[in-house]
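Observations on the three-dimensional arrangement
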Amino acid sequence: MPTRHLAELTWNLFEDAGEDVLVTKEQVTDHIHATDSQFGRLKGYIRDHVTLVKGTTFLAYRGGT
């Protein structure tokens, strides 16, 4: 599955969780059925592309995003 699509699915999960909630890596990978490698790529895609379009920031912190 393309990284862009996984990043969009993940961003939707973040938006549903709310701004003040850390979503764990396990929650993301379980919800979108992604591998650890795909998770690493989608974090970079969100940081480099999605946040620019949305005009917001993205923080990954010790297993939470």
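Description of the structure in this document.

Rules and cut-offs
- Residues numbered from 1 in each chain as written.
- Predicted model: local features only at pLDDT ≥ 70, side-chain atom pairs only at ≥ 80, totals over all residues.
- Heavy atoms only, no water.
- Axes fitted to C-alpha atoms, helices over the stretch in contact; angles between N-to-C directions.
- Helix = DSSP H or I, 4+ residues; strand = E, 2+ residues; numbered from the N terminus.
- Parallel < 35°, antiparallel > 145°, perpendicular 65-115°, else oblique.
- Left-handed = near helix turned anticlockwise from the far one by under 90°.
- Contact = heavy atoms within 4.5 Å.
- Core = buried A, V, L, I, M, F, W, Y, C linked by side-chain atoms within 4.5 Å.
- Buried < 20%, exposed > 50% of the residue type's maximum accessible area, 1.4 Å probe, protein only.
- Phe/Tyr/Trp six-rings, centres within 6.5 Å; stacked < 30°, edge-to-face > 60°.
- Salt bridge = Lys/Arg side-chain N within 4 Å of Asp/Glu carboxyl O.
- Expected span 1.5 Å × (residues − 1).
- Arc of directions from axis to C-beta.

Some thoughts on the packing of helix α1 (residues 3–17) against helix α2 (residues 25–32)
Between α1 and α2, whose axes approach to 10 Å, the crossing angle comes to 120°. By the angle between their directions, the pair α1 and α2 is classed as oblique. Remark: the crossing between α1 and α2 carries right-handed chirality. Counted together, L6, L9, T10, L13 and F14 of α1 and Q27, V28, H31 and I32 of α2 form the full contact between these two elements.

Details of the nonpolar core
Soluble globular proteins tend to pack their nonpolar side chains together in the buried interior. Ranked by size, the top nonpolar core spans 14 residues in total, and within it W11, F14, V28, I32, L42 and I46 carry the most contacts. Broken down by element, the residue count for this core peaks at 5 residues, all from α1. Discounting residues that sit within four places of it in the chain, W11 has contacts with I46, V50, T51, K54, T56, T57 and F58.

Section: the packing of aromatic side chains
Per the stated rule, a full pass over the model turns up 2 aromatic pairs. Taken together through their ring pairs, the aromatic side chains of W11, F14 and F58 make up a single cluster.

Details of the pattern of salt bridges
By the definition in use, this model includes 3 salt bridges. The shortest N-O distance in the salt bridge between D48 and R47 comes to 3.1 Å. Here D48 falls in the partly exposed class, since its relative accessible area comes to 38%.

Structural notes on unusual backbone geometry
The backbone phi angle of H33 is positive, close to 60°, even though this residue is not glycine. Considering the arrangement of structural elements, one finds H33 in the loop between α2 and α3 (36–54).

Some remarks on α1
Helix length check: α1 (15 residues) gives 21 Å between terminal C-alpha atoms against 21 Å at 1.5 Å per residue, within 8%. Three or more residues of α1 are buried, namely L6, A7, T10, W11, L13 and F14. The buried residues of α1 occupy an angular sector of 160° when projected down its axis, which confines them to one face. When the buried face of α1 is taken as reference, the exposed residues oriented beyond 90 degrees from it are R4 and D16. Residues of α1 that are buried sit in contact with α2 and α3. Immediately downstream of α1, the backbone of G18 shows phi near 100°, a positive value.

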